[in-house]
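Coordinate analysis (summary)
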Amino acid sequence: MGRSTVKFHALIGVSIFSALAAILMFFEFPVLFWLPFLKVDFSDVVTLIGALVYGPIGGTAIAFIKALVHLLITGSGVAGVIGDFSNFIGSVSLLLPFTYFWQKGKKFMAVLTGMITMTVVMSVLNYFVVMPLYMNVVGMQLNMSLSKYVATGVIPFNIVKSLITSLGVIIIYPRLEGHFTLK
């Protein structure tokens, strides 16, 4: 295949992965009963698999497109923009270290560094950007301090979310691995 054919196949693949990930964003469930608005979906499993197939740039494109499509479909206003922006940043912070170590054959390190990176990035982002925006722009109120929210909500949520996502990739990707080779 020529170079333009490979690029075209990659573009189609990223588009298909983005569409699937956007659909999966609608099937979400809470994991922390004390903060039911923090929900997990399986879209990042697709995003990570896409990143393993098309590289970190392809994975980042999938994360961006899925968040944009979700925002356009839900039309959630400012709260939706904040939430989908946060989802995009979380996805990218998980996929970059995950794909780096996975492609080196270090699956445990992929899971561990992805989890740590996502948890740290989302904790800082929630403390300084996301929750202040929700509180000041949308009018959301927390029944606890911002630092307690990050410690008892954001940190455990992102650990659980990254582990669920990583487990999904560990289960699904080996069964698909040989089907995505571009030549």
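We now turn to the structure provided with this report. (Residues numbered from 1 in each chain as written. Predicted model: local features only at pLDDT ≥ 70, side-chain atom pairs only at ≥ 80, totals over all residues. Heavy atoms only, no water.)

The biggest cluster of nonpolar side chains holds 38 residues, and the ones touching the most others in it are Ile-49, Phe-98, Trp-102, Tyr-149, Val-169 and Tyr-173. Within the residue set of this core, elements represented by two or more residues are helix H1 (3-24), helix H2 (43-74), helix H3 (77-103), helix H4 (107-138) and helix H5 (146-176). Per-element accounting of this core gives the leading share, nine residues, to H2. (Core = buried A, V, L, I, M, F, W, Y, C linked by side-chain atoms within 4.5 Å. Buried < 20%, exposed > 50% of the residue type's maximum accessible area, 1.4 Å probe, protein only. Helix = DSSP H or I, 4+ residues; strand = E, 2+ residues; numbered from the N terminus.)

Here the focus is the pattern of salt bridges. Tallied over the full model, the rule gives two salt bridges. For Asp-44, the salt bridge is made with Lys-66, and the minimal N-O distance between the two is 2.8 Å. Taken individually, Asp-44 and Lys-66 each receive the classification buried, so the pair is uniform in this respect. Its salt-bridge partner being Asp-44, residue Lys-161 comes within 3.6 Å of it at the nearest N-O pair. Residue Lys-161 is found in helix H5, and its partner Asp-44 is found in helix H2; the two are separated by 117 residues along the sequence. Asp-44 matches Lys-161 in its accessibility class, with the two residues each being buried. Each of Asp-44, Lys-66 and Lys-161 takes part in one network of salt bridges that share partners. (Salt bridge = Lys/Arg side-chain N within 4 Å of Asp/Glu carboxyl O.)

Along the chain, Gly-55 turns up in helix H2. A residue is classified by how much of its surface remains accessible, and Gly-55, at 14% relative accessible area, is buried. A C-alpha to C-alpha distance of 18 Å links Gly-55 and Gly-168, two positions 113 residues apart in sequence.

Turning next to the environment of Phe-37. Turning to its location among the elements, Phe-37 is positioned in the loop between strand E1 (28-30) and strand E2 (39-41). C-alpha of Phe-37 to C-alpha of Ile-16: the two residues are 21 residues apart in sequence and 28 Å apart in space. In contact with Phe-37, other than residues within four places in its own chain, are Met-140, Leu-142 and Tyr-149. (Contact = heavy atoms within 4.5 Å.)

As a further point, take the side chain of Ser-18. Of note, Ser-18 is situated in helix H1. The class of Ser-18 is buried, set by a relative accessible area of 1%. A polar contact of 2.7 Å, which involves the side chain of Ser-18, links it to the backbone oxygen of Val-14. Aside from chain neighbours lying at most four places away, what touches Ser-18 is Ala-61, Ile-62, Ile-65 and Lys-66. (Polar contact = N/O pair within 3.5 Å; in protein donor to acceptor, adjacent residues only side chain to side chain.)

What follows deals with a nonpolar patch on the surface. Together, Val-78, Phe-85, Ile-116, Val-120, Val-124, Tyr-127, Phe-128, Val-129, Leu-133, Val-137 and Val-138 make up a nonpolar patch on the protein surface, roughly 940 Å² of accessible area in all. Mapped onto the nonpolar patch, the elements with two or more residues apiece are H3 and H4. The greatest single-element share of the nonpolar patch, amounting to nine residues, is contributed by H4. By the secondary structure assignment, Val-129 is in helix H4. (Patch = residues over 30% accessible without salt bridge, like charges linked within 9 Å, V, L, I, M, F, W, Y side chains within 5 Å. Areas by Shrake-Rupley, 256 points an atom, 1.4 Å probe, with all protein chains shown as cover.)

For H2, spanning 32 residues, the distance from its first C-alpha to its last is only 16 Å, which falls clearly below the expected 46 Å at 1.5 Å a residue. Approximately 140° is the largest bend angle found in H2, and it occurs at Tyr-54, with the proline Pro-56 only one to four residues beyond. Backbone geometry just after H2 places Gly-75 at a positive phi near 55°. (Expected span 1.5 Å × (residues − 1). Bend = angle between axes of the 7 residues up to and from the residue.)

Right, let's talk about the packing of aromatic side chains for a bit. Applying the stated rule across the entire model yields nine aromatic pairs. Aromatic pair Phe-37 and Tyr-149: ring centres 6.2 Å apart, planes at 20°, arrangement stacked. Linking Phe-37 in the loop between E1 and E2 with Tyr-149 in helix H5, this pair joins segments that are 112 residues apart in sequence. For Phe-37, a relative accessible area of 39% translates into the label partly exposed. Relative accessible area serves as the criterion here: at 1%, Tyr-149 is assigned to the buried category. For the ring pair Trp-102 and Tyr-173, a centre distance of 6.0 Å and an interplane angle of 75° mean the geometry is edge-to-face. (Phe/Tyr/Trp six-rings, centres within 6.5 Å; stacked < 30°, edge-to-face > 60°.)

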